[in-house]
Amino acid sequence: MELDSIPQSVRERLDQIGTADLVVGLLSNGTGPGGESVHEIHQALKAGFGKLRAVIIQDGESALEPVEESESQIVLSWNLIGPERATSPAPSISDAFQLMFTASQKLEARACCVVASDLQNVTSGWISGLTQPVLEMDYGLVTPRYTNQRFEGLLNTGIVYPITRALYGKRIYNPMGPDLGISGPLVQQMLAADPKAKATGNRIHPVASLAPTAICGGMTVGQAYLGARVYPPVDWTNASSLLAQVLGSVFLDMERYAVHWQKTRGSVSVPDFGEPNTVTEETGAVDVKRLVDSFQLGARDLQEIWSLVLPPTTLMEVRRLSRQAPDQFRMPDELWVRIVYDFALGHRLRTISRDHLLRAMTPLYLGWVASFALELETAGPGVVERRRERLCEAYESQKPYLVSRWRWPDRFNP
Amino acid sequence: MWDQVQQALNQSMVRLLSQVASLLPGIVALIVAFVLSVVVAGLLSVILRRFLVSIRFDERLVHWGMSSVAERSPKNSPTRLVTRIVAGSIIVVGLLIGLAAFDATLISELVVRLFAYLPRILTAVVVLLLGSIIARFLARSVLIGGVNMNLQYARLLSVGVKWLVIVLSVAMALDHLEIGTGIVNLAFGILFGGIVLALALAVGLGSKELVSRSLEREVNKTPAPMEEEPFRHL
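Counting starts from 1 at the beginning of each chain's written sequence and moves along it residue by residue. Chain labels run from A onward and ligand labels from 1 onward, assigned in the order the entries are written. At least 70 in pLDDT is required for a residue's local features to be given in this predicted model, at least 80 for side-chain atom pairs to be given and counted, and no such filter applies to totals for whole chains, interfaces and linings, which use all residues. Just so you know, side-chain values use all the structure's heavy atoms and leave hydrogens and water out.

Residue and element names in this part refer to chain A. Numbering goes from the N terminus for both helices and strands, where a helix is a DSSP run of H or I of at least four residues and a strand is a run of E of at least two. Residue position: Asp342 is located in helix α13 (residues 333-349). On the accessibility criterion, Asp342 (1% relative accessible area) is buried. Residue contacts are counted whenever heavy atoms from the two residues lie within 4.5 Å of one another. If we ignore the near neighbours within four places in the chain, the residues touching Asp342 are Val309, Leu310, Pro311, Thr314, Tyr401 and Arg405. Relative accessible area decides the class of each residue, using a 1.4 Å probe on protein chains only: under 20% of the type maximum gives buried, over 50% gives exposed, and in between gives partly exposed.

All names here are of chain A. When the domains of chain A are assigned, the result is domain 1 (8-238) and domain 2 (288-407). Counting residues at the interface gives 19 residues for domain 1, matched by 27 residues for domain 2. Summed over both partners, the accessible surface that disappears when two parts come together, traced with a 1.4 Å probe, is what is meant by buried area. Buried surface at the junction of domain 1 and domain 2, summed over both partners, amounts to about 1,900 Å²; 63% is from carbon and sulfur atoms. For this document, the term salt bridge refers to a Lys or Arg side-chain nitrogen within 4 Å of an Asp or Glu carboxyl oxygen. Taken together, the connections running from domain 1 to domain 2 amount to 2 salt bridges. Counting of polar contacts relies on pairs of N or O atoms within 3.5 Å, with two restrictions inside protein: one atom must be capable of donating a hydrogen and the other of accepting it, and residues adjacent in sequence are counted only when both atoms are side-chain atoms. Our count for the contact surface shared by domain 1 and domain 2 stands at 7 residue pairs in polar contact (both at pLDDT 80 or more). Amino acid classes used here: Ala, Val, Leu, Ile, Met, Phe, Trp, Tyr, Cys and Pro are nonpolar; Asp, Glu, Lys and Arg are charged; the rest, including Gly, are polar. Taken together, the residues of the side of domain 1 that touches domain 2 sort by class into 11 nonpolar, 5 polar and 3 charged. Domains are outlined according to an automatic or database domain assignment.

Time to look at the packing of helix α10 (residues 289-301) of chain A against helix α12 (residues 312-322) of chain A. Packed helix pairs are specified by the crossing angle of their axes together with the interaxial distance, meaning the distance between the axes. Residue and element names in this part refer to chain A. Geometry is summarised by axes, namely lines fitted to C-alpha atoms with helices restricted to the contacting stretch, and by angles between N-to-C directions that run from 0 to 180 degrees. The geometry of α10 relative to α12 is characterised by a closest axis approach of 9 Å and an angle of 130° between their N-to-C directions. Classified by the angle their axes make, α10 and α12 are oblique. Remark: the crossing between α10 and α12 carries left-handed chirality. Contacts between α10 and α12 involve Phe295, Gln296 and Ala299 from the former and Val318, Leu321 and Ser322 from the latter. Of the residues belonging to the contact of α10 with α12, the class tally is 4 nonpolar, 2 polar and no charged. The labels follow the angle: roughly parallel below 35 degrees, roughly antiparallel above 145, roughly perpendicular from 65 to 115, and oblique for the rest. In this scheme the handedness of a crossing depends on how the near helix is turned from the far one: anticlockwise by less than a right angle means left-handed, clockwise means right-handed.

A few words on α13(A). Residues and elements named next belong to chain A. Helix span is expected to be 1.5 Å times the residue number reduced by one. In a regular helix each residue adds 1.5 Å, so 17 residues correspond to 24 Å; α13 covers 24 Å between its end C-alpha atoms and thus fits that length. With 14 of 17 residues buried, α13 is to be regarded as a mostly interior element. With its phi angle positive at about 55°, Arg350 sits one or two positions after the end of α13.

This part takes up the confidence of the model for chain B. Residues and elements named next belong to chain B. A score between 0 and 100, pLDDT records how confident the predictor is in each residue. Confidence along chain B averages 82 in pLDDT terms, with 89% of residues attaining 70 or more. Averaged pLDDT values over the elements of chain B bottom out at 68 in helix α3 (residues 67-72) and peak at 89 in helix α6 (residues 154-177). If you check the scores for this complex, the pTM reads 0.78 and the ipTM reads 0.82.

Here we come to the interface of chain B and chain A. Facing 24 residues of chain B, the contacting portion of chain A comprises 45 residues. Of the roughly 3,000 Å² buried where chain B meets chain A, counting both sides, 61% is carbon and sulfur surface. Looking only at chain B, the three residues that lose the most surface to chain A are Phe231(B), His233(B) and Leu234(B), adding up to 29% of its buried area. Counting every contact that joins chain B to chain A gives 2 salt bridges. Our count for the chain B to chain A interface comes out at 5 residue pairs in polar contact (both at pLDDT 80 or more). Elements with a contribution of two residues or more to the side of chain B that touches chain A: α2 (57-63), α5 (104-148) and α6 of chain B. Ranked by residues supplied to the side of chain B that touches chain A, first place goes to α5(B) with 7 residues. Looking at side-chain class alone, the side of chain B that touches chain A contains 11 nonpolar, 8 polar and 5 charged residues.

Following this line, the structure appears as structure tokens:
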């Protein structure tokens, strides 16, 4: 993203500031009591990084309360996220990340921290947790590790985390943040990669690409325990758009780093910072009828489209699954993983329009969510964690299937 | 008398034979041109097929997002389609060259008329092709969107959209070819008018109460409290 995309007044301010050690971006969506958090963060930065010159950039020109500035603590406000956020969250957050990167590079910052979660739960510890490893231990990227309830972050649990782990060999629990600590060199890499990707018609989505870029660039990746995060409520009418945006970015990165991940075997943990918070047990039955209905409707009407992507055996298993009673509904991990891998391959081969392909996956994803929810109806946190681990192992054990289909899509078609 | 009849018969036979003799080079030329064009078409199609296979034309086409071409090609192979089009064109050109050996003026007139009509044919083909692609794309969009919105009649909607676009593109193509222009326009107007009228009657008379109940539900619908929804995706 060019400097021109930053408003003239902000650019002039950045010129006045010159350089900074740390750039902190607060992409609050305005639903939380943000002002308090900004003050807390301000105080924490003063206390924790006394000698460092930090620039806090907050979204919205007047959304948050004004904060007292000092020589080493500068606060800038500008509309990082456009008004279209309400209908389409991912692209505007991507743009905001790109703006943060541009500002960070302009200020030659050693670290950039972006907090995109609702500021309701954000504490000053989040900023220090995400930036200290970057500033003091030369980490390339620090990702968050939230204390999730069993059905929070399902897209991450079901696809993003396990596929990132299986592909790139690092157990990064939240590779897409969205609260992240990023080093200066990684910011530069992301900015350098964007024009190249645009030239090939594939726009980089920084939130999704940060972890793969850091890993494939040989940078050290860590994760910080941040506690509970406030998740945005589910918008069922927009579930397919969300899925298309997130998976589109993940699958594009798979293409970009195919040479790297095909050589990677197994996975290793990455260093954790901070103390893990205990999860309050949450049990009880959940209503999955709507999810199972969506899956069954998809199995009835989308067979023609799925058959362009899924091999006959997988398609047969999906058909059999659609005949199961809602309370007996269980999708085996191996089947789910093969579906995800087959869609990744379909995305690469452009078997059909990419947008159609990704949106056609929605009923399958909802089917997996229903199966996952039914399995964990009465499960405690330990069981949930083990269940997640089992799914990740399935992704790793099925990786040879992906590699074979990726290399020989015509010849290897079970 | 008999001599005169014999002479007339001889003359007519001579005339016929001389006419046949004058046609013979043309027939031979037609056969030669046809055989040569078949041989050239065969050779060129073999060379072209090898070339297209070597550059993995079929896969590239799918990679460029033109999988619908593959689906419509003989044996799902666009390579086969291209080679057949090239071979067919060469054979047609060979036939025209052969026919020109009979009567150059007749053929040149035919060629002139053909070339004058060719742009219309090409445009109609393009309209049909685009219509087919757009119909398929829209049908898929409606089907996927409908299923994701949990609409039980998503497939019906999708098929409806597909045929609507196909009928529209066929009518446009026929209109462009100037084939039964009046009939096509009339038929198209009646068809669309009929559909709209049928829908209006169905909603206005048959499903009046259903529609009002549905609208009432939409207006009075209160959003479910967020706490009841345990799922958070991202």
